[in-house]
Amino acid sequence: MSGPRHTTEPRSTPDTVSDVVRWAAFSCVLVPVVLLWYGTSLAGAAGTAFGLAAVTGVCRILLRHSERCATQRGGRHTKGNTPVD
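The rules behind these values
Residues numbered from 1 in each chain as written. Predicted model: local features only at pLDDT ≥ 70, side-chain atom pairs only at ≥ 80, totals over all residues. Heavy atoms only, no water. Helix = DSSP H or I, 4+ residues; strand = E, 2+ residues; numbered from the N terminus. Buried < 20%, exposed > 50% of the residue type's maximum accessible area, 1.4 Å probe, protein only. Areas by Shrake-Rupley, 256 points an atom, 1.4 Å probe, with all protein chains shown as cover. Contact = heavy atoms within 4.5 Å. Patch = residues over 30% accessible without salt bridge, like charges linked within 9 Å, V, L, I, M, F, W, Y side chains within 5 Å. Salt bridge = Lys/Arg side-chain N within 4 Å of Asp/Glu carboxyl O. Polar contact = N/O pair within 3.5 Å; in protein donor to acceptor, adjacent residues only side chain to side chain. Axes fitted to C-alpha atoms, helices over the stretch in contact; angles between N-to-C directions. Parallel < 35°, antiparallel > 145°, perpendicular 65-115°, else oblique. Nonpolar A, V, L, I, M, F, W, Y, C, P; charged D, E, K, R; others polar. Phe/Tyr/Trp six-rings, centres within 6.5 Å; stacked < 30°, edge-to-face > 60°.

## Section: the overall build of the protein chain
Inference 1: Within the protein chain one finds 2 helices and 0 strands.
Inference 2: Taken across its 85 residues, the protein chain has 9% of its residues classed as buried.
Inference 3: Summing over all exposed atoms, the protein chain offers an accessible surface of approximately 7,600 Å²; the carbon and sulfur share of this is 64%.

## Digging into the side chain of Thr56
Inference 1: By the element assignment, Thr56 lies in helix H2 (residues 42-72).
Inference 2: Apart from residues no more than four positions distant in its own chain, Thr56 is found in contact with Val21, Ala24, Ala25 and Cys28.

## A word on a nonpolar patch on the surface
Inference 1: A contiguous nonpolar surface patch, about 820 Å² in accessible area, is contributed by Trp23, Phe26, Leu30, Val34, Trp37 and Tyr38.
Inference 2: Among the structural elements, Trp37 can be located in helix H1 (residues 16-37).

## Focus on the pattern of salt bridges
Inference 1: This model, assessed by the stated rule, comprises 2 salt bridges.
Inference 2: For Asp19, the salt bridge goes to Arg22, with nearest N and O atoms at 3.1 Å. Taken together, the positions of Asp19 and Arg22, both in helix H1 and 3 residues apart, correspond to about one turn of that helix.
Inference 3: The exposure class assigned to Arg22 is exposed, which follows from its relative accessible area of 55%.

## Some remarks on the environment of Thr71
Inference 1: Within the secondary structure layout, Thr71 lies in helix H2.
Inference 2: At 2.9 Å, the side chain of Thr71 forms a polar contact with the backbone oxygen of Glu67.

## Let's talk about the packing of H1 against H2
Axes are the key here: two packed helices are described by the angle between their axes and the distance separating the axes.
Inference 1: One can describe the packing of H1 onto H2 by two numbers: an axis separation of 9 Å at closest approach and a directional angle of 170°. Taken together, the axes of H1 and H2 lie roughly antiparallel to each other. Along the contact surface, H1 presents Val17, Ser18, Val20, Val21, Ala24, Ala25, Ser27, Cys28, Val31, Pro32, Leu35 and Leu36, while H2 presents Leu42, Ala45, Thr48, Ala49, Leu52, Ala53, Thr56, Arg60, Leu63, Arg64 and Glu67.
Inference 2: Grouping the amino acids of the contact of H1 with H2 by side-chain chemistry returns 16 nonpolar, 4 polar and 3 charged.

## A word on the environment of Val31
Inference 1: With respect to the helices and strands, Val31 occurs in helix H1.
Inference 2: The spacing of Val31 and Leu52 is 21 residues in sequence and 9.0 Å in space, taken between C-alpha atoms.
Inference 3: When neighbours within four sequence positions are excluded, Val31 is seen to be in contact with Thr48 and Leu52.

## Notes on the packing of aromatic side chains
To describe a pair of aromatic rings, you give the distance between the ring centres and the angle between the ring planes.
Inference 1: Applying the stated criterion across every chain, the model contains 1 aromatic pair.
Inference 2: Ring centres of Trp23 and Phe26 lie 5.8 Å apart, and the angle between their planes is 90°; this geometry places the pair in the edge-to-face category. Placement of both Trp23 and Phe26 in helix H1 is noted, with a separation of 3 residues, approximately one turn of the helix.

So far we have only geometry, and geometry alone does not tell us how the molecule works.
Structure, rendered in structure tokens:
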């Protein structure tokens, strides 16, 4: 067994906002398809898709704003003794 690896390269932080938005966009497509499959009207499925897209857009804006504010304030405080993934 080897010990923990120490690298000088900083870890790249995952873009979690993009991941969330990507899954939300997927649901904006999937949910209306499922609704149509189960017999919902085309207008109902289209309205649902539009509503989900609007909520996704607003959430993306709010998440990016929150990310910018956290960056300006210094973000997470990670000192040498704080465990990080």
